[in-house]
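Descriptive analysis of the structure
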Amino acid sequence: MTQFLYRAYELTISSPIVLPLPEVSDRGADVRIVLGANLDAGEANELAGHRWVGRSGWFKLMVQGVAQYVIEEGCIITINPTKTASHSDLVAFLMSSALGALLQQRGALPFHASTVATNRGAVLMLGKSGAGKSTTMTALTRRGFAMVSDDITPVSLRNGQLVALPAYPSTRLWADALDGFGYSAELLLSVRENISKYYLNIGTFHDQPEQVAGGVILQVHNEPQIEVTHIPASEAFGVFSRFTFRKRFLKCQNLLPFQFSVTTALAKGAPVIRVNRPMAPFCADEVAEKITNALAIAPYQPVIA
């Protein structure tokens, strides 16, 4: 079986299925994706919604109508697909929940955030689905900032510092966001069948870990203006805890103390602002300007020796 080698989250990933990731060659794999047996009708019918079980170093996610994903010791993901699962569905849950659990096992706490590199460090755009994380990140890259990660940002403790890990140079945008930026979806790959969300390659990608410098909570409100408020440090722990990606996976893997230590450190060291924006009209560029001014950030400039 053909094996593809990809690079994401500082990991080389070996996969028998095509993934929307940059390919690499001549590298040993840190993570192996394995295709297991197809689920028979009985097993497939037992998958009700999204269920999971786990213990330290082992986790199984069951997605109705799609597959079982078994993640072991942060280095193997075994996919047992249903016979009717589409390639796009298999990849969508692999790239989100399954990789999220794998990162948790490897000691990197993923957040529901899109991130850019700035002159002060990495800034995380946190929010619920639909809050505009990917859209805001894309708008910031159009202002000269470099993308670090889209939708999922892992944070790891290194040499006493909390750093955001780079993902891969691609974002996922809904059709209306593409229209707002003047892009066409016609030649883009859709994230899942029958969903108007597409992969868009970002040219300005920052491929190195960066110390976390701040966070932005993105929200939508019914007012016509964009509002920016600063969040006191006393509330920052709740913010980072709330937007921990797949937080419910942590308990069964005995990783809650790990989450507490990372979110506590972030709350102490990363200033947080809240940005409320109107749903319409499209205002991503204005939101990006507000964030730039409120956090006093500029695009990342590499140090030249």
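Before any of the text, the structure's been laid out above.
Residues numbered from 1 in each chain as written. Predicted model: local features only at pLDDT ≥ 70, side-chain atom pairs only at ≥ 80, totals over all residues. Heavy atoms only, no water.

The secondary structure content of the protein amounts to seven helices and 17 strands. Along the three orthogonal principal directions, the C-alpha set of the protein runs to about 55 × 45 × 45 Å. Residues counted as buried form 53% of the 305 residues belonging to the protein. Taking as baseline every contact in the protein between residues at least 6 positions apart, the subset at least 24 positions apart corresponds to 64%. Here the protein has roughly 14,000 Å² of accessible surface; of this, 50% comes from carbon and sulfur atoms. Counting 26 positive and 24 negative side-chain charges, the protein places the centres of these two groups 7 Å from one another. (Helix = DSSP H or I, 4+ residues; strand = E, 2+ residues; numbered from the N terminus. Buried < 20%, exposed > 50% of the residue type's maximum accessible area, 1.4 Å probe, protein only. Contact = heavy atoms within 4.5 Å. Areas by Shrake-Rupley, 256 points an atom, 1.4 Å probe, with all protein chains shown as cover. Lys, Arg positive; Asp, Glu negative; His and termini not counted. Charge placed at Lys NZ, Arg CZ, Asp CG, Glu CD.)

Moving on, we come to the pattern of salt bridges. Counting across every chain of the model gives five salt bridges. Put simply, arginine 192 and aspartate 89 hold a salt bridge, and the shortest N to O gap is 2.8 Å. Remark: aspartate 89 occurs in helix H2 (residues 87-105) and arginine 192 occurs in the loop between helix H4 (175-181) and strand E14 (197-201); sequence separation between them is 103 residues. The shortest N-O distance in the salt bridge between aspartate 151 and lysine 133 comes to 4.0 Å. Pair noted here: aspartate 151 is in the loop between strand E10 (146-149) and strand E11 (152-158) and lysine 133 is in helix H3 (residues 133-141), with a separation of 18 residues, a long-range link. We note that aspartate 151, like lysine 133, is buried. A cluster of three or more residues bridged by salt bridges with shared partners is formed by Lys133, Asp151 and Arg172. (Salt bridge = Lys/Arg side-chain N within 4 Å of Asp/Glu carboxyl O.)

What follows is about helix H7 (residues 284-295). Between the first and last C-alpha of H7 there are 17 Å, a value that for 12 residues agrees with the 16 Å anticipated at 1.5 Å per step. Those residues of H7 that sit buried are Ala284, Val287, Ala288, Ile291, Thr292 and Leu295. In an axial view of H7, the angular spread of the buried residues amounts to 135 degrees, which keeps them on one side of the axis. Looking at the buried side of H7, the elements it contacts are strand E9 (121-126), H3, H4, strand E15 (210-221) and strand E17 (272-278). Positive backbone phi, at 50 degrees, marks alanine 296, one or two positions downstream of H7. (Expected span 1.5 Å × (residues − 1). Arc of directions from axis to C-beta.)

Next up on the list: the environment of methionine 62. As for its position among the elements, methionine 62 is in strand E5 (residues 58-63). What makes methionine 62 buried here is its relative accessible area of 7%. Sequence spacing of methionine 62 and proline 81 is 19 residues, and the spatial spacing of their C-alpha atoms is 9.9 Å.

Right, let's get into helix H6 (residues 256-269). Helix length check: H6 (14 residues) gives 20 Å between terminal C-alpha atoms against 20 Å at 1.5 Å per residue, within 8%. Among the residues of H6, Phe258, Gln259, Val262, Thr263, Leu266 and Ala267 are the ones counted as buried. Down the axis of H6, the buried set is contained in an arc of 155 degrees. They therefore lie on one face. Residues Pro257, Phe260, Lys268 and Gly269 are exposed on H6 and point more than 90 degrees away from its buried face. Residues of H6 that are buried make contact with H2, strand E8 (109-118), E11, strand E12 (161-164), E15 and helix H5 (233-242).

Below, the discussion takes up the layout of surface pockets. In this structure, the largest pocket occupies an estimated 1,100 Å³ of space. What lines the largest pocket is a set of 41 residues, and nearest its centre among them are Ser129, Gly130, Lys133, Asp151 and Lys197. When residues of the lining of the largest pocket are traced back to their parent elements, those giving at least two are strand E4 (50-55), H2, H3, strand E13 (170-174), H4 and H7. Partitioned by chemical class, the residues of the lining of the largest pocket number 19 nonpolar, 11 polar and 11 charged. Considering only enclosed or pocket space, the second largest pocket measures out at about 170 Å³ in volume. Taken together, 14 residues line the second largest pocket, and the ones lying closest to its centre are Arg7, Pro166, Ala167, Phe205 and Asp207. Among the residues forming the lining of the second largest pocket, the class breakdown is nine nonpolar, one polar and four charged. (1 Å grid on protein atoms, 1.4 Å probe; cavity = no way out; pocket = protein on both sides within 12 Å on 5 of 7 lines; lining within 4 Å. Points joined across faces, edges and corners; volume = space filled by probe spheres on them. Nonpolar A, V, L, I, M, F, W, Y, C, P; charged D, E, K, R; others polar.)

Moving on, we get to the environment of histidine 87. The topology assignment puts histidine 87 in helix H2. As for histidine 87 and proline 299, which are separated by 212 residues in sequence, their C-alpha atoms are 37 Å apart. Once residues within four sequence positions are removed from consideration, histidine 87 is found in contact with Ile17 and Val18.

This brings us to the side chain of lysine 133. Judged by relative accessible area, lysine 133 falls into the buried class, the value being 5%. A polar side-chain atom of lysine 133 sits 3.0 Å from the main-chain carbonyl oxygen of lysine 128. Lysine 133 has contacts with His112, Ala113, Ser114, Met125, Leu126, Gly127, Lys128, Asp151 and Leu218, leaving out every residue within four places of it along the chain. (Polar contact = N/O pair within 3.5 Å; in protein donor to acceptor, adjacent residues only side chain to side chain.)

What is shown is where atoms sit, not what they do.
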